[in-house]
Amino acid sequence: MFDLSQPCAMGIVNVTPDSFSDGGCFIHPDRAVERALDMVEQGASIVDVGGESTRPGAQAISVQQEVDRVLPVIEVLTGEINVPVSIDTSKAEVMRMAVSAGAEMINDVRALREDGALQACADLNVPVCLVHMQGLPRTMQQFPDYPDGVISELNIFFTKHIERAVEAGVSRDNVFIDPGFGFGKTLQHNYQLLRGLEDFSIHEVPVLVGISRKSMIGNLLDLPVEERLPGSLSAVVIAAMKGANIFRVHDVKATVEALKVVDAMHHADELENWGAG
Ligand code: PT1
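Note that the coordinates shown come from a computational prediction; the quantities given were computed from them, not determined experimentally.

Calculation rules
- Residues numbered from 1 in each chain as written.
- Predicted model: local features only at pLDDT ≥ 70, side-chain atom pairs only at ≥ 80, totals over all residues.
- Heavy atoms only, no water.
- Near = heavy atom within 4 Å.
- Polar contact = N/O pair within 3.5 Å; in protein donor to acceptor, adjacent residues only side chain to side chain.
- Nonpolar A, V, L, I, M, F, W, Y, C, P; charged D, E, K, R; others polar.
- Buried < 20%, exposed > 50% of the residue type's maximum accessible area, 1.4 Å probe, protein only.
- Helix = DSSP H or I, 4+ residues; strand = E, 2+ residues; numbered from the N terminus.
- Pairing = 2+ DSSP bridges.
- Phe/Tyr/Trp six-rings, centres within 6.5 Å; stacked < 30°, edge-to-face > 60°.
- Axes fitted to C-alpha atoms, helices over the stretch in contact; angles between N-to-C directions.
- Parallel < 35°, antiparallel > 145°, perpendicular 65-115°, else oblique.
- Left-handed = near helix turned anticlockwise from the far one by under 90°.
- Contact = heavy atoms within 4.5 Å.
- Right-handed = clockwise from strand over helix to strand, strands pointing away.
- Salt bridge = Lys/Arg side-chain N within 4 Å of Asp/Glu carboxyl O.

Caption draft 1: Broad picture of the site of the ligand. Around the ligand sit 17 residues, and of these Asp88, Asn107, Asp178, Lys214 and Ser215 come closest. Measuring from an oxygen atom of the ligand, one finds a side-chain N or O atom of Ser215 at 2.5 Å. Considering only residue class, the shell around the ligand consists of 7 nonpolar, 5 polar and 5 charged.

Caption draft 2: The arrangement of the pairing of strand 8 (residues 246-249) in detail. Here strand 8 shows a buried face lined by Ile246 and Arg248 and a second buried face lined by Phe247 and Val249. By the bridge criterion, 4 bridges tie strand 1 (residues 8-14) to strand 8 in an arrangement that is parallel. Counterpart to Ala9 in the pairing with strand 8 is Phe247. Relative to strand 8, strand 7 (residues 208-209) is paired through 2 bridges, and the arrangement is parallel.

Caption draft 3: Here's a closer look at the packing of aromatic side chains. One pass over the structure, following the stated rule, counts 3 aromatic pairs. When the centroid spacing of 5.9 Å and the interplanar angle of 80° are considered together, the rings of Phe2 and Phe176 count as edge-to-face. Residue Phe2 is found in the segment before strand 1, and its partner Phe176 is found in strand 6 (residues 175-178); the two are separated by 174 residues along the sequence. Under the relative-accessibility criterion, Phe176 is labelled buried at 3%. With centroids separated by 5.5 Å and ring planes inclined at 85°, the aromatic side chains of Phe158 and Phe200 adopt a geometry described as edge-to-face. On the criterion of sequence distance, the pair formed by Phe158 in helix 5 (residues 150-168) and Phe200 in the loop between helix 6 (187-195) and strand 7 is long-range, its members being 42 residues apart. Its relative accessible area of 1% is what places Phe158 among the buried residues. We classify Phe200 as buried; its relative accessible area is 0%. Each member of the aromatic cluster is reached from another via a ring pair, and the members are Phe157, Phe158 and Phe200.

Caption draft 4: Representation of the packing of helix 4 (residues 117-124) against helix 5. At a minimum axis distance of 9 Å, the contact between helix 4 and helix 5 shows a crossing angle of 60°. In terms of their interaxial angle, helix 4 and helix 5 are classed as oblique. As for how helix 4 packs across helix 5, the hand of that crossing is right-handed. Contacts between helix 4 and helix 5 involve Leu118, Gln119 and Ala122 from the first element and Arg164, Ala165 and Ala168 from the second.

Caption draft 5: Representation of the pairing of strand 3 (residues 85-88) within the structure. Alternating positions in strand 3 separate into two faces, Val85 and Ile87 on one and Ser86 and Asp88 on the other, with burial throughout. In the sheet, strand 2 (residues 46-50) pairs with strand 3 via 4 bridges, with the strands oriented parallel. Within strand 3, the position partnered with Val47 by the bridge is Val85. This β-α-β element, strand 2 to helix 2 (residues 63-80) to strand 3, shows right-handed connectivity. One ladder, built from 3 bridges, connects strand 3 with strand 4 (residues 105-108); its direction is parallel. Its bridge partner being in strand 4, Ile87 is matched across the sheet by Ile106.

Caption draft 6: Focus on the pattern of salt bridges. If you walk through the whole model with that rule in mind, you get 8 salt bridges. The closest approach of N and O atoms between Arg110 and Glu52, which form a salt bridge, is 2.9 Å. Residue Arg110 is found in the loop between strand 4 and helix 4, and its partner Glu52 is found in the loop between strand 2 and helix 2; the two are separated by 58 residues along the sequence. Given a relative accessible area of 9%, Glu52 falls into the buried group. Between Arg96 and Asp123 there is a salt bridge, and its shortest N-O distance comes to 2.9 Å. Linking Arg96 in helix 3 (residues 92-100) with Asp123 in helix 4, this pair joins segments that are 27 residues apart in sequence. Among the charged side chains, a salt-bridge network with shared partners connects Asp48, Asp88 and Arg248.

Caption draft 7: Looking closely at the sheet that holds strand 8. In space, the 8 strands of this open sheet follow the order 6-5-4-3-2-1-8-7, with parallel pairing throughout. In this open sheet, the two strands that pair with only one neighbour each are strand 6 and strand 7. Two elements, strand 4 and strand 5 (residues 128-131), share 3 bridges in a ladder whose sense is parallel. Opposite Asn107, over in strand 5, you have Cys129 as the bridge partner.

None of the figures reported here should be taken as evidence of function without further support.
As structure tokens, this is what we get:
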């Protein structure tokens, strides 16, 4: 189901009224489903459905609110597409209900630190992405600080949280890690992370990255969200060359094309060797 022999795109399906880059256009379940279907057509290998915004400054929401947003979308989607649906949540109840409704992966920006999330994941036996975040969304961008270096601190975090998940009964084969670009990181931290991405290979688990349209692109280039595609694609290419496996993005078609170029370089000797192409 998760073929990670090639880099792949995970399409972002926000079912939130306050999402930082879609401006909440996909709050209606039908719109979210439509958007997900487009992404699959464009080559998404996974679609990631989320009901809680976790961008800097976002407020927490209740279990009920989150369930009401994501469940209708997951229920329809899993019947209509042939790629796995991932649930972007930190809440144990949402994880359980989403997987019952057909979701096949859990994406948790809080790395299973909420009550019951660890046990839910162990019980559900699906792949889980452990994302690094310093602090919590509402305040995480106030004082990001990594006195021992951002790469070294994240490696300690991943070692600890992979271990903790495995001890709770999560299969190591089901663990993915994600450095959490923009989650309690300055511009400097984000680019140090991008530069050092290959260092996370020591954990020998797939690496997921989410950079698409984030402030690390917008602040660098001084561009609004709708003009961040070239910068986002550049980051995708860098991350792919540094061994990242899954790319959580808004712009699936462009990302799949960029990833194919990187893959062609990696497999250059197997390409067609005639004509002027
Ligand atoms: C991510 C991610 C995510 N990001 C995974 N899941 C968000 N696995 C939601 C900004 O700086 O990177 N990996 N789920 C969205 N969060 C943010 C954070 C959005 C920062 C925007 C910014 O602009």
